[in-house]
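Coordinate inspection notes
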Amino acid sequence: MDALTLPWPVVLGSASPRRREILARIIREFEVDAPDLDEDALTLDDPWQTARELARAKAEAIFTRHPDKLVIAGDTVVAVPVGDGFQQLAKPVDRADALRMLGILQGRQHLVITGICVRWPEGERLFEVTTGVTFHPLDAEQIAAYVDAGESMDPTPLKGKRRKSSHQSTAR
């Protein structure tokens, strides 16, 4: 795939190695400037709104430092259906938190919602992508082994242990 040529220099508003890797596949040169936000303060009851608003807040924070560039920022929310609403899971803070979260996710379906905001000198585009994910049932020993392997500190854990069940994208 040829790299995209854009009329502005690009800034990725994220410290995520995974997001850097994905963007490098389509854009040859870009800067990285990660925002410092209190994400808990921006969490809303609706996980789709949370993903969009966190992405927008990150893009705006970076755009103020780079007003002549195109800024790409995103945020991923894991939402577990609970009653009439959703429990939102953030990035685990430690091993115990990762064990707790994976215990919640195993053997059931949840949603992975990624909000993306692209901001440039002439405008902004905000959207989200939602993927339904079903985990295979795991026992406590399997969960502990996965956590101990160090891969569970991602907000979308068990990438190799899940399967997609649906996909939807909404632009706003």
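Structural data are supplied above this passage.
Below or above, wherever it landed, is the structure these notes cover. As the structure is a prediction and not an experimental result, all values here were calculated from the model.

Turning our eyes to something else, we now look at the environment of Leu6. Along the chain, Leu6 turns up in the segment before β1 (10-12). Leu6 sits in the partly exposed class, given a relative accessible area of 34%. When the C-alpha atoms of Leu6 and Leu70 are compared, they prove to be 8.7 Å apart, with 64 residues separating the residues in sequence.

This next bit is on the nonpolar core. One finds Val11, Ala55, Ala59, Ile62, Phe63, Val71, Ala73, Cys117 and Leu126 forming the largest nonpolar core, which totals 9 residues. Of all the elements in the fold, those that place two or more residues in this core are α2 (47-65) and β3 (70-82). Counting residues per element, this core draws most heavily on α2, which supplies 4 residues. Counting residues in each nonpolar core, the second largest holds 8 residues, with Val10, Leu23, Ile27 and Val118 among its members.

With that out of the way, let us pick up helix α4 (residues 140-148). Where α4 is concerned, the buried positions are Ile143, Ala144, Tyr146 and Val147. Burial along α4 is one-sided: seen end-on, the buried residues are contained in an arc of 160 degrees. The outward face of α4, more than 90 degrees from its buried face, is lined by the exposed residues Glu141 and Asp148. Two to three positions downstream of the cap, the backbone nitrogen of Glu141 sits 3.1 Å from a side-chain oxygen, assigning the N-cap of α4 to Asp139. A positive phi of about 90 degrees marks Gly150, the residue just after α4.

Moving on: the packing of helix α3 (residues 95-105) against α4. The N-to-C vectors of α3 and α4 enclose an angle of 135 degrees; their axes lie 10 Å apart at closest approach. When the interaxial angle is binned, α3 and α4 end up oblique. Relative to α4, the crossing made by α3 is right-handed. Between α3 and α4, the residues in contact are Arg95, Ala98, Leu99, Leu102 and Gly103 and Ile143, Ala144, Tyr146, Val147 and Asp148, respectively. The class makeup of the residues in the contact of α3 with α4 is 7 nonpolar, 1 polar and 2 charged.

In this section: the environment of Thr5. Within the secondary structure layout, Thr5 lies in the segment before β1. By relative accessible area, which is 76% here, Thr5 ends up exposed. Residues Thr5 and Arg28, 23 residues apart in the sequence, show an inter-C-alpha distance of 8.5 Å.

Parameters at a glance
- Residues numbered from 1 in each chain as written.
- Predicted model: local features only at pLDDT ≥ 70, side-chain atom pairs only at ≥ 80, totals over all residues.
- Heavy atoms only, no water.
- Helix = DSSP H or I, 4+ residues; strand = E, 2+ residues; numbered from the N terminus.
- Buried < 20%, exposed > 50% of the residue type's maximum accessible area, 1.4 Å probe, protein only.
- Core = buried A, V, L, I, M, F, W, Y, C linked by side-chain atoms within 4.5 Å.
- Arc of directions from axis to C-beta.
- Polar contact = N/O pair within 3.5 Å; in protein donor to acceptor, adjacent residues only side chain to side chain.
- Axes fitted to C-alpha atoms, helices over the stretch in contact; angles between N-to-C directions.
- Parallel < 35°, antiparallel > 145°, perpendicular 65-115°, else oblique.
- Left-handed = near helix turned anticlockwise from the far one by under 90°.
- Contact = heavy atoms within 4.5 Å.
- Nonpolar A, V, L, I, M, F, W, Y, C, P; charged D, E, K, R; others polar.

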